[in-house]
Amino acid sequence: MTEFSDLGLAPKVLRAVSDAGYTTPTPIQEGAIPPALEGRDVLGIAQTGTGKTAGFVLPMVTMLARGRARARMPRSLVLCPTRELAAQVAENFDTYSQHVKLTKALLIGGVSFKEQDILIDKGVDVLIATPGRLLDHFERGKLLLTGVQIMVVDEADRMLDMGFIPDIERIFSLTPFTRQTLFFSATMAPEIERITNTFLSNPARIEVARQATASETIEQAVVMFRASRRDRLAKEKREVLRAVIEAEGDACTNAIIFCNRKVDVDIVAKSLKKHGFNAEAIHGDLDQSQRTRTLEAFRENRLRLLVASDVAARGLDIPSVSHVFNYDVPSHSEDYVHRIGRTGRAGREGKAVMICAPADEKNLDAIEKLIGKDIPRAENPVKAAAPATAPHPSAEEPQKPARSRGSRRRSADAKPDRDRGREPRRDDRREDAVIGMGDHMPNFLAMSFAERRAS
Ligand code: AMP
């Protein structure tokens, strides 16, 4: 078995690795560190959770320990797609360079320009940045990239998703062509392939197994859910989510809940809080200090449920999550693999439960195709929701309006419990019809005020 000491790392770096408690290198570390130390370009095809960050930070610290930084000319550059990932990379540098003297600056949104300017003016060994913020600094004339000897692009596939590729190309062209490039991506989309062919020179290519095939420790389930009425979909789906979480009981020590859209991240988090769950939202529109606070609370187990979007969650290093709940079926099947990879890490057991509405069945098929197996169906824990096989009322069909605060109360015996969620009978509809609207009342009018507010 390969040991860290076989990889050619500096003794001071090895000491920091051993202080961190790591005994054996992960496959990406074993593959990437030796060629990186030889000065070769590296193309690492690996995702979060494989130890890829240490795969580039450890050789960088070893190489940068020799030599000194010059004013305004960083010696190395690490580009990350999100602020959180950049902050995590910075933490990794702190951990592994504790016995070596290295200076670093972090250029991310939400951190003041002034402080970082002062650091850069003095000269830094490592500059960690998101592409947009880096170019802002460059354009203000505060930064020269001609001294960059090592450039890292982390999570290139996410950069592509976020539209950063033109920025990356520009940054590449601002650095000397003699630089060493360490390039990491979970997948090799054609656009990524093109970039690596253009900017990497004869790279050592290291590919590590995808988590979907590797992680047998994750128990997966999908709850097929159909709303009793179209205008109640969001509300009832949140109800299903709460029931799914509750059904896991104490086994669910902490969880990430994924939503496809930022707006739902907020609504779901608010709703969970309102129902007494310990939950917070994290997405790109929240300010940096808030995101940092939320993440810290989650890492320190003060926060149980983190409601997140894919972009915000990508690259977050959260060591042990007992559960992942997919409030939505992701529309890119690869995101499913990333999402569930947040649990069952490093051989730990984990569980991933997804809610699937009829409109999402196509995406569910695509996911099952990608992972090469069917996800077991779990029973919908909400008894009140209509059975998944019930026909859905069409938009044209007149629907029973929900009763609003001021509306006429129906007699108590008119709707026994077992009938809840059944299709409204034609005479029911007539009974609740709003005078003056005929049968064709727009859906939003049928919702109560409380339903319209995210509950
Ligand atoms: P990453 O893929 O870089 O996000 O790393 C995932 C997690 O693995 C982080 O919590 C690291 O601290 C941890 N890690 C990195 N290298 C090792 C190693 N050689 N052995 C055990 N854990 C590691």
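Residues numbered from 1 in each chain as written. Predicted model: local features only at pLDDT ≥ 70, side-chain atom pairs only at ≥ 80, totals over all residues. Heavy atoms only, no water.

K.L.:
Whenever I open this one, the packing of helix H11 (residues 233-248) against helix H12 (residues 262-274) confuses me. Can you help?
P.N.:
In helix packing, the relevant descriptors are the interaxial angle and the interaxial distance, both defined with respect to the helix axes. One can describe the packing of H11 onto H12 by two numbers: an axis separation of 11 Å at closest approach and a directional angle of 60°. It follows from the interaxial angle that H11 and H12 lie oblique. Crossing handedness for the pair H11 and H12: right-handed. Facing H11, whose interface residues are Arg-238, Leu-241, Arg-242 and Ile-245, H12 presents Ile-267, Val-268, Ser-271 and Leu-272. For the contact of H11 with H12, a count of residues per class yields 5 nonpolar, 1 polar and 2 charged. (Axes fitted to C-alpha atoms, helices over the stretch in contact; angles between N-to-C directions. Helix = DSSP H or I, 4+ residues; strand = E, 2+ residues; numbered from the N terminus. Parallel < 35°, antiparallel > 145°, perpendicular 65-115°, else oblique. Left-handed = near helix turned anticlockwise from the far one by under 90°. Contact = heavy atoms within 4.5 Å. Nonpolar A, V, L, I, M, F, W, Y, C, P; charged D, E, K, R; others polar.)

K.L.:
Teacher, can you tell me more about helix H2 (residues 27-37) here?
P.N.:
Residues spaced three or four apart along an α-helix point in a common direction, a consequence of the helix completing one turn every 3.6 residues. Among the residues making up H2, those that are buried are Ile-28, Gln-29, Ala-32, Ile-33, Pro-35 and Ala-36. Looking at the buried side of H2, the elements it contacts are strand E1 (42-45), helix H3 (52-64), strand E6 (180-185) and strand E7 (204-207). The positive-phi residue at the C-terminal boundary of H2 is Gly-39, with phi of around 90°. (Buried < 20%, exposed > 50% of the residue type's maximum accessible area, 1.4 Å probe, protein only.)

K.L.:
Explain the side chain of Glu-368 to me, please; I cannot follow it from the model alone.
P.N.:
You can see Glu-368 is positioned in helix H16 (residues 361-371). On the basis of relative accessible area, Glu-368 is assigned to the buried category, the value being 9%. For Glu-368, the side chain forms a polar contact with the main-chain nitrogen of Ile-375, separated by 2.8 Å. The contact partners of Glu-368, leaving out residues within four places of it in the chain, are Lys-373, Asp-374, Ile-375 and Arg-377. (Polar contact = N/O pair within 3.5 Å; in protein donor to acceptor, adjacent residues only side chain to side chain.)

K.L.:
How should the nonpolar core be read in this particular structure?
P.N.:
When a protein is soluble and globular, its nonpolar side chains tend to lie buried together. Counting 40 residues, the largest nonpolar core has Phe-56, Leu-58, Met-60, Val-78, Phe-93, Ile-128 and Leu-182 as its most contacted members. Elements that contribute at least two residues to this core include exactly helix H1 (11-19), H2, H3, helix H4 (83-96), strand E4 (126-129), strand E5 (150-153), E6 and E7. For this core, the element with the highest residue contribution is H3, accounting for 8 residues. Excluding anything up to four places from it in sequence, Phe-93 contacts Val-57, Met-60, Val-61, Val-78, Lys-104, Val-126 and Ile-128. (Core = buried A, V, L, I, M, F, W, Y, C linked by side-chain atoms within 4.5 Å.)

K.L.:
Just checking my understanding: could you explain the sheet that holds strand E3 (residues 104-107) for this structure?
P.N.:
In a beta sheet, neighbouring strands are held together by backbone hydrogen bonds and run either parallel or antiparallel to one another. Ordered by their spatial adjacency, 7 strands build an open sheet running E3-E4-E2-E5-E6-E1-E7, and the pairing between neighbours is parallel. For this open sheet the edge positions go to E3 and E7, each flanked by a neighbour on one side alone. Strand after strand, the sheet turns through a mean of 10° between neighbouring axes, direction not considered. Bridge count between E1 and E7: 4 bridges; the pairing is parallel. Residue pairing across strands places Ile-45 opposite Glu-207, the latter belonging to E7. The sheet strands contacting helix H9 (residues 190-199) are E1, E6 and E7, and the helix crosses E6 at an angle near 170°. (Pairing = 2+ DSSP bridges.)

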